[in-house]
Amino acid sequence: MVGDFETLGLIARSLRRRPARSVPALDELFRRLWVCTDAAQATQTEDRIWELWMYHPNEDAARVLDLATRDIAAKRYDIAETRLATLLRHVPDFAEAWHKRATLYYLVARDDECIGDIRRTLELEPRHFGAILHFAELLLAEGNADAARFAFLKALCLNPHLVRAKDALAPPDGIPPDKF
């Protein structure tokens, strides 16, 4: 995974690429993230982005994704994986379904499969800061700090309110920021 340059390339080009599914409301919400003046406003905007990512015009697809998400939260990983595999066979352009399955694989330490689904998520929705954060965490876990920092920075370019990315990029205790 250290040399997963394909995913890093998708992340590097994230601001220049267009999502597979055009949702004008998402474009506006991403703009709004940059002008939010307080944490509550930023959280509300981010929550709305997640709601739109979870939406699909096919109500059955959206329902299955919601059920799989609940299964993941309840640690019913085998059921969630079956639901998501079936969903993705029928609706292969549903970015959030790929991301949810990547999340499942992340939780059960199936990193190679997680990376593949993160990559597919980013092919469909290049602004998916959640997928970029997961990828950065995987990079950190395997000791690739430079690539992880790059991914965290790109996630912040999309959503400047990501506490996890800010924390990951903060200088270690005792080191002044200008020396980091």
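Residues numbered from 1 in each chain as written. Predicted model: local features only at pLDDT ≥ 70, side-chain atom pairs only at ≥ 80, totals over all residues. Heavy atoms only, no water.

Observations concerning the layout of surface pockets
In this model, the largest pocket occupies a volume close to 210 Å³. Lining of the largest pocket is provided by Ser14, Leu15, Arg16, Arg17, Arg18, Asp27, Phe30, Arg31, Trp34, Arg127, Cys157 and Leu158. Top contributing element to the lining of the largest pocket by residue count: helix 2 (residues 24–33), with 3 residues. Residues of the lining of the largest pocket, tallied by class, amount to 5 nonpolar, 1 polar and 6 charged. (1 Å grid on protein atoms, 1.4 Å probe; cavity = no way out; pocket = protein on both sides within 12 Å on 5 of 7 lines; lining within 4 Å. Points joined across faces, edges and corners; volume = space filled by probe spheres on them. Helix = DSSP H or I, 4+ residues; strand = E, 2+ residues; numbered from the N terminus. Nonpolar A, V, L, I, M, F, W, Y, C, P; charged D, E, K, R; others polar.)

Considering the pattern of salt bridges
Side chains bearing opposite charge may pair, as long as their charged atoms lie close to each other. Applying the stated criterion to the full structure yields 15 salt bridges. Residue Asp71 is joined to Arg76 by a salt bridge in which the shortest nitrogen-to-oxygen separation is 2.9 Å. For Asp71, a relative accessible area of 3% corresponds to the buried category. Where salt bridges share partners, they join Arg18, Asp27, Glu125 and Arg127 into one cluster. (Salt bridge = Lys/Arg side-chain N within 4 Å of Asp/Glu carboxyl O. Buried < 20%, exposed > 50% of the residue type's maximum accessible area, 1.4 Å probe, protein only.)

Focus on the packing of aromatic side chains
In the structure shown here, the tally under the stated rule is 5 aromatic pairs. Ring geometry for Phe30 against Trp53: centres 6.1 Å apart, planes inclined by 50°, an arrangement best described as tilted. Remark: Trp53 occurs in helix 3 (residues 39–54) and Phe30 occurs in helix 2; sequence separation between them is 23 residues. Neither residue differs from the other here; Phe30 and Trp53 are each classed as buried. (Phe/Tyr/Trp six-rings, centres within 6.5 Å; stacked < 30°, edge-to-face > 60°.)

Let's talk about helix 3
With 16 residues, helix 3 should reach 22 Å at 1.5 Å per residue; the first-to-last C-alpha distance of 22 Å fits that figure. For helix 3, every residue scored as buried is listed here: Ala42, Thr45, Glu46, Ile49, Leu52, Trp53 and Met54. The backbone nitrogen of Ala40 has a side-chain oxygen 3.1 Å away, supplied by the residue at the start of helix 3, namely Asp38. (Expected span 1.5 Å × (residues − 1). Polar contact = N/O pair within 3.5 Å; in protein donor to acceptor, adjacent residues only side chain to side chain.)

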